[in-house]
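Descriptive analysis of the structure
If you want the building blocks of each chain, they are given just below.
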Amino acid sequence: MCGRYHVDEETVKEIEKIIHLADENVRKRASINFQMQARDLHPTETAPVLTASDSGLECNLKRWELPGFQGKQVLFNARSESALEKKSFRESMEHRRIVILAVWFYEWNRNKEKNTFYRKGKPILFMAGIYNHYEAGDCFIILTTQANVSVKPIHDRMPLVLEENKIIPWIFDQQKTMEYFRKVPFLLERKAEYEQLSLL
């Protein structure tokens, strides 16, 4: 699930706003040196993420994938409830938590019909994730949780979306990690192309 999401110019503006509102000790190195055009992002592509560093909050580009367990297979998400139990994710869960920003994300139902999920009145969704270091560069995955009632009719999983005031604690405070796993994500709005076509 969550194999595609959308970013646009508002994504960078929201990153800048988060940095501006962050504590001075957190935002020391949080500079943005890239442009963002409106587009859908797919696994293996690079995307902007918020991460912690020794000097504070950073915003940079990382590739959306982790090496899979079978040859050329790649992973683009992981179950948040069991990530700490898995050797391949544990260290990243403890030390390399990130936030991925999206205007909306997509899910497909059993009939392979695309649904768009977004938050009404909010320009950006904040998705929890983790990353790791590799020779070719840093790569990340999105953490998922059980779908809430707004997503469940389409898919049984959804991204672990965070409230804006949980971004800094998620990235910097390891003790908060399990607390976020137990919370049901807020409700989302849904648009479906096939429903719009049926009205016509």
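I will try to describe carefully the structure that is included in this document. (Residues numbered from 1 in each chain as written. Predicted model: local features only at pLDDT ≥ 70, side-chain atom pairs only at ≥ 80, totals over all residues. Heavy atoms only, no water.)

Side note on the sheet that holds strand β1 (residues 5–7)
- If you trace the 5 strands from one edge of the open sheet to the other, you get β2-β1-β9-β10-β15, paired in antiparallel fashion. Both outer strands of the open sheet, β2 (39–41) and β15 (189–192), are each paired with one neighbouring strand and no more. Taken pair by pair, the neighbouring strands of this sheet meet at an average axis angle of 30 degrees, ignoring direction.
- Relative to strand β10 (residues 114–118), strand β9 (residues 104–108) runs antiparallel, the two being bridged by 4 bridges. (Pairing = 2+ DSSP bridges. Helix = DSSP H or I, 4+ residues; strand = E, 2+ residues; numbered from the N terminus. Axes fitted to C-alpha atoms, helices over the stretch in contact; angles between N-to-C directions.)

Focus on the packing of aromatic side chains
- All told, the structure shown has 7 aromatic pairs when counted by the stated rule.
- Taken together, a centroid distance of 5.0 Å and an interplanar angle of 55 degrees make the contact between Y5 and W64 tilted. With Y5 in strand β1 and W64 in strand β4 (residues 56–64), this residue pair connects regions lying 59 residues apart in the sequence. W64 carries the same exposure label as Y5, and that label is buried.
- Both rings, one in F105 and one in F117, keep their centres 5.5 Å apart while their planes meet at 20 degrees; by these two values the pair is stacked. Of the two residues, F105 is situated in strand β9 and F117 in strand β10; the sequence distance between them amounts to 12 residues.
- Grouping aromatic residues by their ring pairs yields a cluster made of Y5, W64, F76 and F140.
- Sitting over the face of the ring of W170, R97 holds its NZ or CZ atom 5.9 Å from the ring centroid. (Phe/Tyr/Trp six-rings, centres within 6.5 Å; stacked < 30°, edge-to-face > 60°. Buried < 20%, exposed > 50% of the residue type's maximum accessible area, 1.4 Å probe, protein only. Lys NZ or Arg CZ within 6 Å of the ring centre and 35° of its normal.)

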